[in-house]
Amino acid sequence: MPKAYVFTRYGGPEAEALVELDRPTPGPGQVLVAVRAAGVNPVDWKQRTGYGPAGGAARELPAVFGNEVAGVVEEVGADVTGFAVGDEVFGNPVTGGYAEYTLLPVTVTAHKPTELAYSDAATLPVAAATAYDGIHQLGLPAGATLLITGAGGGVGVAATQIARAFGVRVVGVASDGKKDFVESLGAVHVPSGPGLAERLRGAAPDGVDGVFDLVGGEVQEAAATLLTDRSKLITGADRQTAARLGGAPVERARNAAVLDEVAKLVVEGKLKPFVTQTFPLDRAGEALRTVEEGHARGKVVIEVGA
């Protein structure tokens, strides 16, 4: 039977297990995919602790970890057009990604360009797509200045590159240890920590045209002081603070068109996935710990199958 890495109850790492599960069957509008790679994200371990959207349906346990995959179509469900058995695809699964097989709705599934490795494609549906949605939402023109908090994290790294690809100047807040990395992306680095507001004013004395917050709290508040138009404050971390300051959450498109766009940016060399560590499925727990404990620099990927 196919293997999958799951959490059997809500809690800590002790709730995780590598198990055998029946191969899922695609329903209408879905494709069954043989997974080749799965991206690892902070939201994965947070879901194990019970994190989820307010008012969302209770998760059926055991639940397979993972929210982004790349692989090969094995079977298509009813009413599916544009996809066939053997197609190489990537997208957001509905039955988890740390598995040998999963189901993808065609609405959030895109064809993988042949030039794109499975491991790279598997990093795009969560962080890169969120970054693309945020940059699109802000709609800053070339030459504008964007402040990104959490610029050294998964979404921040992608947002910095996408903004730069669109000709936007980026000021990136990140730890001292990520200074060289953030600057290599073409951003002006501002160290995080006490005294941030003063350092931000020094880096952008004339203010900024937009803020893409990925930290929240006091960091978001400090960033907002550089804005004249608070409608140009968006967050992927702290909706309540953003609402109080006059900003808004990132509006997620969650469609295949965005996946096509971020894949195109990678193929064109404008967006680098930065896969720094890979693990086999039977070491999925190690991959998850690397992200959960904050030791990851770049993207962590689980490689599955052939």
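These remarks concern the structure in this document. (Residues numbered from 1 in each chain as written. Predicted model: local features only at pLDDT ≥ 70, side-chain atom pairs only at ≥ 80, totals over all residues. Heavy atoms only, no water.)

Let's talk about the overall build of the protein
Helices and strands together make up the secondary structure of the protein, namely ten helices and 16 strands. Relative to its length of 306 residues, the protein is compact, with a C-alpha radius of gyration of 19 Å against a globular reference of 19 Å. With respect to the three principal axes, the spread of C-alpha positions in the protein is 60 × 40 × 35 Å. The proportion of buried residues among the 306 residues of the protein is 49%. Contacts in the protein between residues at least 24 apart in sequence constitute 64% of all its contacts with a sequence separation of at least 6. For the protein, the exposed surface amounts to about 13,400 Å²; the carbon and sulfur share of it is 50%. Of the side-chain charges in the protein, 27 are positive and 36 negative, and the distance between the mean point of each set is 5 Å. (Helix = DSSP H or I, 4+ residues; strand = E, 2+ residues; numbered from the N terminus. Rg over C-alpha atoms; globule rule 2.2 N^0.38 Å. Buried < 20%, exposed > 50% of the residue type's maximum accessible area, 1.4 Å probe, protein only. Contact = heavy atoms within 4.5 Å. Areas by Shrake-Rupley, 256 points an atom, 1.4 Å probe, with all protein chains shown as cover. Lys, Arg positive; Asp, Glu negative; His and termini not counted. Charge placed at Lys NZ, Arg CZ, Asp CG, Glu CD.)

A closer look at the pattern of salt bridges
Taken as a whole and judged by the stated rule, the model has 13 salt bridges. Among the salt bridges present, the one from Glu88 reaches Lys112, with a minimum N-O distance of 3.2 Å. Of this pair, Glu88 sits in strand β6 (residues 88-91) while Lys112 sits in the loop between β8 (109-111) and α2 (118-121); the two residues are 24 residues apart in sequence, bridging distant segments of the chain. According to the relative accessible area criterion, Glu88 is partly exposed, its value standing at 30%. Within the structure, one salt-bridge network assembled from shared partners comprises Glu16, Arg48, Arg289 and Glu292. (Salt bridge = Lys/Arg side-chain N within 4 Å of Asp/Glu carboxyl O.)

Concerning the pairing of strand β9 (residues 145-149)
Of all five residues in β9, five are buried; the element is thus mostly enclosed. Burial of β9 is two-sided: the residues Thr145, Leu147 and Thr149 facing one way and the residues Leu146 and Ile148 facing the other way are all buried. One ladder, built from five bridges, connects β9 with strand β10 (residues 169-174); its direction is parallel. Counterpart to Thr145 in the pairing with β10 is Arg169. Between the parallel elements β9 and β10, the chain passes through helix α4 (residues 154-165) in a crossover that is right-handed. (Pairing = 2+ DSSP bridges. Right-handed = clockwise from strand over helix to strand, strands pointing away.)

So, the sheet that holds strand β4 (residues 63-64)
Reading across the sheet, the three strands line up as β2-β1-β4 and stay open at both edges, with antiparallel pairing between neighbours. Each of the sheet's edge strands pairs with one partner strand only, and the pair in question is β2 (16-20) and β4. Pairing geometry for strand β1 (residues 3-7) and β2, over five bridges, is antiparallel. Note that in β2 the partner of Lys3 across the bridge is Glu20.

Observations regarding the sheet that holds strand β11 (residues 188-191)
Strand-to-strand pairing in sheets goes through backbone hydrogen bonds, with the strands running parallel or antiparallel. Read across the open sheet, the six strands follow the order β11-β10-β9-β12-β13-β14; overall the sheet is parallel. Pairing within the sheet leaves two strands with one partner each, and these edge strands are β11 and β14 (248-249). One ladder, built from three bridges, connects β9 with strand β12 (residues 210-213); its direction is parallel. The residue of β12 that forms the bridge with Leu146 is Gly210. Against the sheet, helix α6 (residues 196-203) engages β9, β10 and β11, with an angle of about 160° to β11. (Axes fitted to C-alpha atoms, helices over the stretch in contact; angles between N-to-C directions.)

Side note on the nonpolar core
Counting 39 residues, the largest nonpolar core has Phe90, Leu124, Leu146, Phe212 and Leu271 as its most contacted members. When residues of this core are traced back to their parent elements, those giving at least two are α3 (124-138), β9, α4, β10 and α9 (256-267). Counting residues per element, this core draws most heavily on α3, at seven residues. The contacts of Leu146, once residues within four sequence positions are left out, are Ile135, Leu138, Leu140, Ala163, Val168, Arg169, Val170, Val171, Gly210, Val211 and Phe212. (Core = buried A, V, L, I, M, F, W, Y, C linked by side-chain atoms within 4.5 Å.)

Section: the packing of α6 against helix α7 (residues 217-224)
Two quantities define a packed helix pair, namely the angle between the axes and the distance from one axis to the other. At their nearest, the axes of α6 and α7 sit 9 Å apart, and the two run at 35° to each other. When you trace α6 past α7, the crossing you get is right-handed. Residues Leu196, Ala197 and Leu200 of α6 pack against Val219, Ala222 and Ala223 of α7. In terms of residue class, the contact of α6 with α7 is built from six nonpolar, no polar and no charged. (Left-handed = near helix turned anticlockwise from the far one by under 90°. Nonpolar A, V, L, I, M, F, W, Y, C, P; charged D, E, K, R; others polar.)

Observations regarding the pairing of strand β3 (residues 30-40)
Among the eleven residues in β3, eleven count as buried, and that is most of the element. Bridge analysis of β3 against strand β7 (residues 101-105) gives five bridges, and the strand direction is antiparallel. Along β7, the bridge assignment pairs Gln30 with Pro105. Two elements, β3 and strand β5 (residues 69-76), share seven bridges in a ladder whose sense is antiparallel. Counted as the bridge partner of Val35 is Gly71 from β5. Strand direction decides the pairing type here: β3 and strand β16 (residues 299-303), joined by four bridges, are antiparallel. Looking across to β16, one finds that Ala38 is bridged to Ile302.

That is the geometry; function is a separate question.
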